[in-house]
Every structure is written in C-alpha cells, then in structure tokens.
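Reading the structure
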Amino acid sequence: MIYQKKVANIAYCFLIAICYVVLIKVIGSALYSFKFSTDILSFAADISSALVVLIIMLCLHRQNILRGNIKGLAKGFSAGGFLCGYIIIMLLSFFMMDFSVKNLQPPIHILLFTLSMVLTGFSEEILFRGIIFNILGDCFGKKSRFAIYGTTALSSFIFGFMHLSNVFSGVSFGGALIQTISAFAVAKLVTESEKIRF
C-alpha cells in the first residue's frame, strides 16, 4: 500500500508539471498570435506562467512555501551565485552582440529580457523546488538522508524532463535533450548545495 501511494505521488508530481507546461505552451501560443513585439509577448507569457504557478500553489494549498525569511532568501541567492554570474555573462553577450553602438539592444529590450528571466526563474523555483519538492518530501519522508537525496533526485529529474517540451517551441530534439540533462544537473546541484528544508 505504501509503495502504491509513493508511485501515485510521483505520478501526481509529473501530472502537475505536465499541466503547467501544457498551460504555458497554450497561453504562449495564444499570445504569439497577436502582432506585438517579441519582447512584449515573451514578457506577457512569463507573467502568465508565474500566475499559473501561483494558481497551482493556491489550489494545492501550498502557500507555506512562500513563508521564508530574509536569511533563507540570502542563502538561496548565495547558493545560486554561480548561476547569477552565468546569467550576467549571457546578458552581456546578448546585449552586446557587436561592440559598435548601433548594434546595442534598446533599453526596453534589456529591461523586458531581464524581467522575463526573473519571472521564469520565479515560476520554476516555486513549482519544482517548492511545490513538487515538498509533495515528494511529504511522501518519502523528511528524516533520512536517503529520502532527502531521493526527493532531490526525483524533483530534479522532473524539472529536467519538462525541458523536453521545448521541442514544441522550435528547439531541436538534440538541443532539448541537452537542456534536459543540464537542467537536471543544475537543479540537483543547486538543491543539494543548500540546506534542504521542507
């Protein structure tokens, strides 16, 4: 009976992630049917995905994952410091594709891109390391190191697996597979580098 409950919870977590991905793909497709700038549409899609995650969180009664303190937030930022450095390098390379002044991106592009990245990170963190991680933690237990590592590996796998959906956004299967593997690895690394709390 316990084994069946664990399998059901794992399937439930996959279902939550699949519903999230399907909803944001449908919303994104609907938004991109409008004739606006790509930056504005991307930003609107990211706002929509953040709202979808908040709705999922409220429907599942998981608001407690937002109850943190400043110290916990600072630890999260410091653990993700290497990701911040990577993002800064990517931003610089994105905005300065050519070092001549005429090829610099307009400030509104920079602002919308930066806000989109923050919203994407917020949505994914809340869903995968907030909601799904805690559902799996409730299922497998919170005491043993094996249970915590299992929960970490499984939630990271679900996070990575959901990146395969990028194939439907025009990314090649090989590219999506690379995203999936690296998303799993980064999620596992970041989750294990922090003090894991449920």
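Going along each chain's sequence as written, the residues are numbered from 1 onward. Local features in this predicted model are restricted to residues whose pLDDT is 70 or higher, and side-chain atom pairs enter the listing and the counts only when it is 80 or higher, whereas totals over whole chains, interfaces and linings include all residues. Excluding hydrogens and water, the side-chain values take into account all heavy atoms of the structure.

1. Side note on the overall build of the protein chain
- Numbering of helices and strands runs from the N terminus; a helix is a DSSP stretch of H or I covering at least four residues, while a strand is a stretch of E covering at least two. A count of helices and strands for the protein chain gives seven helices and zero strands.
- Taken from the N to the C terminus, the helices and strands of the protein chain come in the order α-α-α-α-α-α-α.
- Buried, partly exposed and exposed residues are distinguished by accessible area as a fraction of the type maximum, computed with a 1.4 Å probe on protein chains only: under 20%, between the cut-offs, and over 50%, respectively. By the burial criterion, 30% of the 198 residues in the protein chain qualify as buried.
- Contacts are residue-level and defined by heavy atoms, with any inter-residue pair within 4.5 Å sufficient. Here the contacts in the protein chain between residues at least 6 apart in sequence split such that 69% fall between residues at least 24 apart.
- Note on areas: Shrake-Rupley, 1.4 Å probe, and residue coverage restricted to the protein chains presented here. Looking at the protein chain as shown, the accessible area adds up to about 12400 Å², and 73% of this sits on carbon and sulfur atoms.

2. A word on the environment of Ser 49
- By the element assignment, Ser 49 lies in helix α2 (residues 38–59).
- As for Ser 49 and Lys 25, which are separated by 24 residues in sequence, their C-alpha atoms are 9.2 Å apart.
- Beyond its immediate sequence surroundings of up to four residues, Ser 49 is in contact with Tyr 20, Ile 24 and Ser 123.

3. Description of the environment of Ala 183
- Residue position: Ala 183 is located in helix α7 (residues 173–193).
- C-alpha separation for the pair Ala 183 and Phe 161, spaced 22 residues apart in sequence, amounts to 8.3 Å.

4. Quick look at the packing of helix α1 (residues 2–32) against α2
- Axis definition: a line fit to C-alpha positions, over the contact stretch in the case of helices; interaxial angles, taken between N-to-C directions, run 0 to 180 degrees. Where α1 meets α2, the axes come as close as 9 Å, and the angle between the chain directions of the two elements is 150°. One way to sum up the angle between α1 and α2 is to call them roughly antiparallel. Considering how the two elements wind past one another, α1 and α2 form a crossing that is right-handed. Together, Ile 16, Tyr 20, Leu 23, Ile 24, Ile 27, Gly 28, Leu 31 and Tyr 32 of α1 and Thr 38, Leu 41, Ser 42, Ala 44, Ala 45, Ser 48, Ser 49, Val 52, Val 53 and Ile 56 of α2 make up the contact between the two elements. Between 65 and 115 degrees an angle is taken as roughly perpendicular, under 35 as roughly parallel, over 145 as roughly antiparallel, and anywhere else as oblique. Should the near helix be turned anticlockwise from the far one by less than a right angle, the crossing is left-handed, and should it be turned clockwise, the crossing is right-handed.

5. Comments concerning unusual backbone geometry
- Its identity as a non-glycine residue notwithstanding, His 61 has a phi of 55°, on the positive side.
- Looking at where His 61 falls in the secondary structure, it is placed in the loop between α2 and α3 (70–79).

6. Some thoughts on the packing of aromatic side chains
- Here is the rule: rings of Phe, Tyr and Trp (six-membered ring for Trp) pair when centre to centre is within 6.5 Å. Planes less than 30 degrees apart are stacked, more than 60 are edge-to-face, and the remainder are tilted. Applying the stated criterion to the full structure yields five aromatic pairs.
- Judged by centre distance (5.9 Å) and plane angle (25°), the ring pair of Phe 157 and Phe 161 falls under stacked. Of this pair, Phe 157 and Phe 161 both sit in helix α6 (residues 145–162), four residues apart, which is roughly one turn of that helix.
- For Phe 161, a relative accessible area of 35% translates into the label partly exposed.
- Joined through ring pairs, the aromatic side chains of Phe 14, Phe 157 and Phe 161 make up one cluster.

Everything listed here is a matter of coordinates, which is why it stays silent on function.
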